[in-house]
Amino acid sequence: MPVSPAYNATKGAVLMLTKSMAVDLAQFNIRVNCINPGTIKTPLLGEYFDIIEDPDARAAALHGFLGANLVPRLGTPQEVGKLVCFLASDDASFLTGAAYLVDGGMTA
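Cut-off values and rules
For every chain, the first residue of its written sequence is number 1, and the numbers climb from 1 along that sequence. Local features in this predicted model are restricted to residues of pLDDT 70 or higher, and side-chain atom pairs are both shown and tallied only at a pLDDT of 80 or more, whereas totals for entire chains, interfaces and linings draw on every residue. Hydrogen atoms and water are omitted, and side-chain values are computed over all heavy atoms in the structure. The helix and strand labels rest on DSSP assignments: H or I over at least four residues marks a helix, E over at least two residues marks a strand, and numbering proceeds from the N terminus. Each residue is assigned to one of three classes by its accessible area relative to the maximum for its type, calculated with a 1.4 Å probe on protein chains only: buried under 20%, partly exposed between the two thresholds, exposed over 50%. The term nonpolar core refers to a set of buried residues drawn from Ala, Val, Leu, Ile, Met, Phe, Trp, Tyr and Cys, joined through side-chain atoms within 4.5 Å. It only takes one pair of heavy atoms within 4.5 Å for two residues to be counted as in contact. How far a helix is expected to stretch is found by multiplying one less than its residue total by 1.5 Å.

### Topic: unusual backbone geometry
Point 1. One non-glycine residue, Asn-29, lies in the positive phi region at around 60 degrees.
Point 2. One can find Asn-29 in the loop between helix H1 (5-25) and strand S1 (34-37).
Point 3. By relative accessible area, which is 71% here, Asn-29 ends up exposed.

Structural data, given as structure tokens:
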């Protein structure tokens, strides 16, 4: 993401922290994974759009968010939550040290 070095650095730090914690905690049978959401329809995102008063500018901003997604819509908190539930379940018992994208194909 351009003009966002601090944001980008923290995302990289989360990825490496996930891997480091997975290495350290595997001996205790603790799994560590991270979830990397894309543009999710949350109240905070709604507030972002609400402050854009011009309807054309608001539509352009939304188009900018959606234009990066292969799935042409915003994600939902429920979609992220389903991944959280899966990773916390016994069905994911052999998964650790990984990052999972919920981004509508944004980073494909």
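That was the structure; now back to the text.
### As for the nonpolar core
Point 1. If you look at the biggest cluster of nonpolar residues, it comprises six residues: Ile-40, Val-80, Leu-83, Leu-87, Ala-92 and Val-102.
Point 2. Among the elements that take part in this core, helix H4 (residues 77-88) stands out by supplying three residues, more than any other.
Point 3. For Leu-87, the contacting residues outside a window of four places in its chain are Arg-31, Asn-33, Ile-35, Ala-92, Leu-95 and Tyr-100.
Point 4. Leu-45, Phe-49, Ala-61 and Leu-74 belong to the second largest nonpolar core, which has five residues in total.

### A word on H4
Point 1. Counted at 1.5 Å a residue, the expected span for H4 with its twelve residues is 16 Å, and the 16 Å between its end C-alpha atoms agrees.
Point 2. Residues of H4 that are buried in the fold lie against S1 and strand S2 (99-102).

### So, the environment of Leu-17
Point 1. Mapping Leu-17 onto the fold places it in helix H1.
Point 2. Here Leu-17 falls in the partly exposed class, since its relative accessible area comes to 49%.
Point 3. Considering only alpha carbons, one finds Leu-17 and Gly-75, 58 residues apart in sequence, at a separation of 25 Å.

### Section: the environment of Leu-101
Point 1. One can find Leu-101 in strand S2.
Point 2. Along the chain, Leu-101 and Leu-62 lie 39 residues apart, while their C-alpha atoms are 21 Å from each other.
Point 3. Other than its neighbours up to four places away in sequence, Leu-101 contacts Asn-36 and Thr-107.

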